[in-house]
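Listed here are the chains, written in short residue letters.
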Amino acid sequence: MADTPNGANGKAPEKKAESAPAKNVGEDGLTPAEKKKRAKEEKQARRAAEKAGAGPSASPVTNGVTASDGAVQPVGESPSQGSQQQQPAQVPRGQPQRPAEPATAPTSTQHRRNPSAATQPPPPRRRNSQSIVPPASKATPKPAKPKESKDVPLFSHLYAAHPRPTLLTTPKDIHPAIQALGFQYSTYAICGSAARTAAMLLAFKAAIADYTTPTGTSLARHMTTHFLSPQIEFLKACRPISEGMGNGIRFLKKAAVEIDPAVEEGEAKAYLQDSIDMFLRERIVVTDRAIATAAEKQIKQGAVVLTYAKSSLVEKTLVEAHEAGTQFRVICVDSRPLYEGKNLARTLGRRGIEVEYTPLSGIAHAMKDATLVLLGARSMLSNGRLVSRVGTASVALHASHCDVPVIVLCESVKFTGKVALDSVVLNEIAPPEELLLPDTSPTTTDGDEEGAKVKTLADWRDIAGLQILNLMYDVTPAEYIRMVICEYGSLPPSSVPVVHRLANEGV
């Protein structure tokens, strides 16, 4: 068979393919020129994104991939090519459709659509030097300056946690007699340890008369905790209780607890009322008479008796000495804010006794004429020290310097087992407003300019750094006291704890 010439049958002769020179292709399938081109495109896209800042049209570039409208595609690839790669393969009819394979992370050669990018596009990049400026907020008001405390830190343990009760703040379970007594305490209508003790027991006697034991319990179990305790707490809120009041309260509670539960209520209440009368008669009335009789013998003819403030025992002693025919003169030393010595001087003057009234500031001059100092007591401590109205220690000190004997008149019901070395631990703080004078003079102004408000001492709460301390009592050392007269006789201050055990052992 003859050879067919080239170009026969209309076919062009096939030329032998020439082998093309091999290109330097990397592991990612890109030539160095393509890599250089991609790097240049990424650099241009990055600069455009940085210029746009946080604009919504900027599309970040990561590893040669740009994000636009939630689609992820390689740089330099057209959208049609990216969509062709993302189209799923068609499944012939009649064959079960396989579940879709989970999407894998896009590589350098294959990229897939990010499902979450369609709803939340990633934020654009920004320069490190750019700072996010927070939106301007409204100017917040400056915090209020804390109110300055007007309590003296050294005596902070003596300040009451709540103010003194009033008619509006009095609890409903307080008996009317106790309520009236508490207000008399707070207004100093009833002043003095013995007078306060006697008035308290009489008020308890009236309250017990109106007491009714609830069903299902006994008087001994219910009265002390549910009836007497609220009354006592109310009296404490009006003014702190004294040692004499404390001994009277313990006596009454002990008498109530010792009542047999089988005793009828009327008989038990009568027993408590009789016990109160016996306590008042034996520990206060008869005791005061015995002390006044013993102290009267210490006043000699022509004596000059100096006393401070007012004590019911001292007043009774001076009156009995005057009625016994003893001629003497009295110097009443007094101080603010209660001015108790005025009432004593008025009472003695009406009795015909010669009285000289002087303030505490003149104690040094008054002590030159005194031959005897008679003092009352709020309580006697176990270390022989005297707790009495503030200023008593100053009077005893001047008497000791002038070698004038100091005699303390005190019932044993006021003796206590407590010990104190100063006036800081055991004391009472009265409202500071009691020290203010009605016509206070200007003390300071609110600046040097004209028209500044002039402040007086009444505005002490508004004056920075000013605190007012109104102590009720002070402690007199035992070495300033020559003798203590009680119902057991005349004894030195060192014998106070012995008498306290004898008199208040059963209380």
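Heads up: the structure comes first, above all this text.
So, how was this worked out
Residues numbered from 1 in each chain as written. Predicted model: local features only at pLDDT ≥ 70, side-chain atom pairs only at ≥ 80, totals over all residues. Heavy atoms only, no water. 1 Å grid on protein atoms, 1.4 Å probe; cavity = no way out; pocket = protein on both sides within 12 Å on 5 of 7 lines; lining within 4 Å. Points joined across faces, edges and corners; volume = space filled by probe spheres on them. Helix = DSSP H or I, 4+ residues; strand = E, 2+ residues; numbered from the N terminus. Nonpolar A, V, L, I, M, F, W, Y, C, P; charged D, E, K, R; others polar. Salt bridge = Lys/Arg side-chain N within 4 Å of Asp/Glu carboxyl O. Buried < 20%, exposed > 50% of the residue type's maximum accessible area, 1.4 Å probe, protein only. Polar contact = N/O pair within 3.5 Å; in protein donor to acceptor, adjacent residues only side chain to side chain. Contact = heavy atoms within 4.5 Å. Pairing = 2+ DSSP bridges. Expected span 1.5 Å × (residues − 1). Axes fitted to C-alpha atoms, helices over the stretch in contact; angles between N-to-C directions. Parallel < 35°, antiparallel > 145°, perpendicular 65-115°, else oblique. Left-handed = near helix turned anticlockwise from the far one by under 90°. Disulfide = S-S within 2.5 Å. Core = buried A, V, L, I, M, F, W, Y, C linked by side-chain atoms within 4.5 Å.

Side note on the layout of surface pockets
Here is step 1: Put simply, the largest pocket is a space of about 1000 Å³.
Here is step 2: Elements with a minimum of two residues in the lining of the largest pocket: α5 (219–238) and α6 (243–257).
Here is step 3: Residues that form the lining of the largest pocket fall into these classes: 20 nonpolar, six polar and 13 charged.

Considerations on the pattern of salt bridges
Here is step 1: Applying the stated criterion across every chain, the model contains eleven salt bridges.
Here is step 2: Across the salt bridge formed by Glu-148 and Lys-150, the nearest N and O atoms sit 3.8 Å from each other.
Here is step 3: Glu-148 gets classed as partly exposed once you look at its relative accessible area, which sits at 37%.
Here is step 4: Across the pair Arg-351 and Glu-323 runs a salt bridge whose closest N-O atoms are separated by 3.4 Å. Of this pair, Arg-351 sits in the loop between α9 (340–350) and β6 (354–359) while Glu-323 is found in helix α8 (residues 312–323), placing the two residues 28 residues apart along the sequence.
Here is step 5: Among the residues examined, Arg-351 registers a relative accessible area of 46% and is labelled partly exposed.

What to know about the side chain of Thr-197
Here is step 1: You can see Thr-197 is positioned in helix α4 (residues 193–209).
Here is step 2: A polar atom in the side chain of Thr-197 sits 3.2 Å from the backbone nitrogen of Met-245.
Here is step 3: Sequence-distant contacts of Thr-197, defined by excluding residues within four places in its chain, comprise Ser-242, Gly-244, Met-245 and Ile-284.

Examining the pairing of strand β7 (residues 372–375)
Here is step 1: Here β7 shows no split at all, with Leu-372 and Leu-374 on one side and Val-373 and Leu-375 on the other all buried.
Here is step 2: The sheet contact formed by β7 and strand β10 (residues 406–409) spans three bridges and is parallel. Bridge assignment links Leu-375 to a residue of β10, and that residue is Val-408.

Brief notes about the sheet that holds strand β13 (residues 473–476)
For sheets, the rule is that strands pair by backbone hydrogen bonds, running either parallel or antiparallel.
Here is step 1: Spatially, three strands are ordered β8-β9-β13 in an open sheet, and the strand pairing comes out antiparallel. Two strands lie at the open edges of the sheet, namely β8 (379–380) and β13, each paired on one side alone.
Here is step 2: Note that strand β9 (residues 386–389) and β13 share four bridges and pair antiparallel. In the sheet register, Arg-389 faces β13, and the bridge partner there is Tyr-473.

Here's the deal with the environment of Val-499
Here is step 1: Mapped onto the elements, Val-499 comes out in helix α12 (residues 496–503).
Here is step 2: Each C-alpha atom of the pair Val-499 and Ser-412 lies 7.1 Å from the other, and the pair is 87 residues apart in sequence.
Here is step 3: Discounting residues that sit within four places of it in the chain, Val-499 has contacts with Ser-412, Phe-415, Cys-486, Tyr-488 and Leu-491.

Description of α4
Here is step 1: Under the 1.5 Å per step criterion, the end-to-end length of α4 is 25 Å for 17 residues, consistent within 8% with the ideal 24 Å.
Here is step 2: By the burial criterion, the buried members of α4 are Ser-193, Ala-194, Arg-196, Thr-197, Ala-199, Met-200, Leu-201, Ala-203, Phe-204, Ala-207 and Ile-208.
Here is step 3: Buried residues belonging to α4 abut α3 (176–186), α5, α6, α7 (265–296) and β13.

Quick look at the sheet that holds β10
Here is step 1: Spatial ordering of the open sheet is given by β6-β5-β4-β7-β10-β14-β15, a layout of seven strands whose pairing is mixed. Here the strands that pair on one side only, and so sit at the sheet edges, are β6 and β15 (489–491). Each adjacent strand pair in this sheet contributes to an overall mean axis angle of 25°, direction not counted.
Here is step 2: Contacts between α7 and the sheet are confined to β10 and β14 (483–486), with β14 contributing the most and set at about 140° to the helix.

A look at empty space enclosed by the protein
Here is step 1: As enumerated under the stated definition, the model contains two cavities of 30 Å³ or more in all.
Here is step 2: Counted as a void, the largest cavity has a volume near 90 Å³.
Here is step 3: Ser-335, Arg-336, Pro-337, Leu-338 and Arg-389 are the residues nearest the centre of the largest cavity, which is lined by 14 residues in total.

Some thoughts on the packing of α7 against α8
Here is step 1: Look at α7 against α8: their axes get within 9 Å of each other, and the N-to-C directions meet at 55°. Comparing their axes, α8 and α7 come out oblique. In this structure, α7 crosses over α8, and the sense of that crossing is right-handed. Two secondary-structure elements touch here, α7 through Asp-288, Ile-291, Ala-292, Thr-293, Ala-295 and Glu-296 and α8 through Leu-313, Lys-316, Thr-317, Glu-320 and Ala-321.
Here is step 2: Residue composition of the contact of α7 with α8, grouped by class: five nonpolar, two polar and four charged.

Focus: the state of the cysteines
Here is step 1: Applying the stated criterion to the full structure yields zero disulfides.
Here is step 2: The thiol of Cys-410 is not disulfide-bonded; the next cysteine sulfur, from Cys-486, is found 7.8 Å away.

Examining the nonpolar core
Here is step 1: Formed by 35 residues in total, the largest nonpolar core has its most connected members in Leu-181, Tyr-185, Met-200, Phe-204, Met-223, Leu-235 and Leu-272.
Here is step 2: Elements supplying a minimum of two residues to this core: α3, α4, α5, α6 and α7.
Here is step 3: Of all the elements, α5 adds the most residues to this core, at eight residues.
Here is step 4: What Leu-181 contacts, discounting residues up to four positions off in sequence, is Ile-190, Ala-199, Met-200, Ala-203 and Leu-235.
Here is step 5: Ranked by size, the runner-up nonpolar core spans 28 residues in total, among them Val-333, Leu-375, Val-406 and Ile-481.

Distances and angles like these do not, on their own, reveal function.
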